[in-house]
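Report on the structure
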Amino acid sequence: MRVIVPPIKSQGIKTKLVPWIMDLAPKVSGKWIEPFLGTGVVAFNSGYKKAILNDINPHIINFYKGIQDKTITAPLMKQYLEKEGELLSKAENNGYEHYLKVRTRFNSGEFSPYDFIFLSRAGFNGMMRFGSKGNWNIPFCKKPDRFSQAYITKITNQVAAISKIIQPEPDWTFYNKSFADIIPLATENDIIYCDPPYYGRHVDYYNGWTEQDEELLFNLLSETKAKFILSTWHHNDWRENKMISKFWRKFNIVTKDHFYHNGGKIENRRTVVEALVCNFDINNFETHNHGLKVQTRPEQLAIHWNE
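Residues numbered from 1 in each chain as written. Predicted model: local features only at pLDDT ≥ 70, side-chain atom pairs only at ≥ 80, totals over all residues. Heavy atoms only, no water.

What about the overall build of the chain?
Heads up, the condition is: Secondary structure elements follow DSSP: runs of H or I no shorter than four residues count as helices, runs of E no shorter than two count as strands, and numbering proceeds from the N terminus. It only takes one pair of heavy atoms within 4.5 Å for two residues to be counted as in contact. Residue exposure ignores everything except the shown protein chains as possible cover, and the areas themselves are Shrake-Rupley values with a 1.4 Å probe.
A count of helical and extended segments in the chain gives nine helices and seven strands. For the chain, long-range pairs separated by at least 24 residues make up 70% of all intrachain contacts whose partners lie at least 6 apart in sequence. Taken as a whole, the chain presents about 16100 Å² of accessible surface, with 49% of it coming from carbon and sulfur.

Quick word on helix H8 (residues 211-223)
Applied cut-off: To estimate the expected span of a helix, count its residues, drop one, and scale the result by 1.5 Å. Residue exposure (1.4 Å probe, protein chains only): buried if accessible area is under 20% of the type maximum, exposed if over 50%, otherwise partly exposed.
In a regular helix each residue adds 1.5 Å, so 13 residues correspond to 18 Å; H8 covers 19 Å between its end C-alpha atoms and thus fits that length. For H8, the full list of buried residues reads Glu-211, Glu-214, Leu-217, Phe-218, Leu-220 and Leu-221. Packed against the buried residues of H8 are helix H7 (179-182), strand S4 (191-194), strand S5 (227-235) and helix H9 (242-246).

Examining helix H5 (residues 113-122)
One full turn of an α-helix is made of 3.6 residues, so residues set three or four places apart face in the same direction. Here H5 lies mainly inside the structure; nine of its 10 residues are buried. Residues of H5 that are buried: Tyr-114, Asp-115, Phe-116, Ile-117, Phe-118, Leu-119, Ser-120, Arg-121 and Ala-122. Those residues of H5 that are buried are in contact with helix H2 (58-68), helix H3 (74-90), helix H4 (96-110) and helix H6 (149-165).

With respect to the side chain of Glu-84
Relative to the elements of secondary structure, Glu-84 occurs in helix H3. Contact partners of Glu-84, with chain neighbours within four places excluded, come to His-98, Val-102, Arg-105 and Phe-118.

Let's talk about the packing of H3 against H5
Rules: To get an axis, fit a line to the C-alpha atoms, keeping to the stretch in contact for a helix; angles then go from 0 to 180 degrees between the N-to-C directions. Note that the term roughly parallel is reserved for angles under 35 degrees, roughly antiparallel for angles over 145, roughly perpendicular for angles of 65 to 115, and oblique for everything else. For any helix crossing, the convention is left-handed if the near helix is rotated counterclockwise from the far helix by under a right angle, and right-handed if that rotation is clockwise. Lys, Arg, Asp and Glu make up the charged group, whereas Ala, Val, Leu, Ile, Met, Phe, Trp, Tyr, Cys and Pro make up the nonpolar group; the residues left over, Gly among them, are polar.
Between H3 and H5, the least distance of the axes is 11 Å, while the angle of their chain directions is 55 degrees. Compared by their axis directions, H3 and H5 come out oblique. Judged by the sense of rotation from one axis to the other, the crossing of H3 with H5 is right-handed. Only Tyr-114, Asp-115, Ile-117 and Phe-118 of H5 make contact with H3, whose side of the interface consists of Leu-76, Met-77, Tyr-80, Glu-84 and Leu-88. Grouping the constituent residues of the contact of H3 with H5 by class yields seven nonpolar, no polar and two charged.

Section: the packing of H2 against H6
Running from N to C, H2 and H6 point in directions that differ by 70 degrees, and their axes come no closer than 9 Å. By the angle between their directions, the pair H2 and H6 is classed as roughly perpendicular. The residues of H6 that touch H2, namely those facing Phe-63, Tyr-64 and Ile-67, are Val-159, Ile-162 and Ser-163. Each residue belonging to the contact of H2 with H6 can be placed in one class, and the counts come to five nonpolar, one polar and no charged.

Listed below in structure tokens is the structure:
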């Protein structure tokens, strides 16, 4: 499956897991519903012509609504990034002064969706994080030449690709509400995909996630007549996700080893077991590592350096 990558980036993006999710998801006659849109990578690869898409982060929703109503286009994004990228490359303090200028402009209340993309692409380690007052608080990535022509082309091509997928209203509707307002909108003909912040793990999200939030999500999904898929984590090398045994074990669960890294150092690279929880039959689906090709190296090829 060729995965269409969106222009918004954040740690935890589901790009590599999209084929797994879509392979599990049954086809329904109704709408694709996401109460936690995030980057939108799963929704944009779902293939549905009707969708309800929601996120509590208003900047994500404003950006995609801008693409929907054509106020954000690939040519305009290219023009913006070329201008701001040049200013960044020439700014004092190795580019940091211009990054601060854009961040201050954004946090002052302008909330330009173009500035949102700039900050998400020029921020440290591709993180998306906001303070308690809703202000962007990620530091600069320290790359004054971040917006090379090739990088700008990549982003504008992503904007162009997404603009061909997002359907006009009322077929695709975007909301900036609580997930609790969105899940009850689903009917028995719809499918809900939930990718909430992961309880017990560091998340770069618009707000926090508590056990009470997890319980509310559990109750809402237990009551829905729609089919649903929930993304969460199952366990890692140190601990298990206690929400699995407390809430989700009553449903069907499949898992996959997923490699990720949090930070720029090799020692921060880790494997976590991801889980998909669903309320429909999965008898024909492998319960662990479905479709995952594991490559192993012969032991004799291992090289050990002596200090």
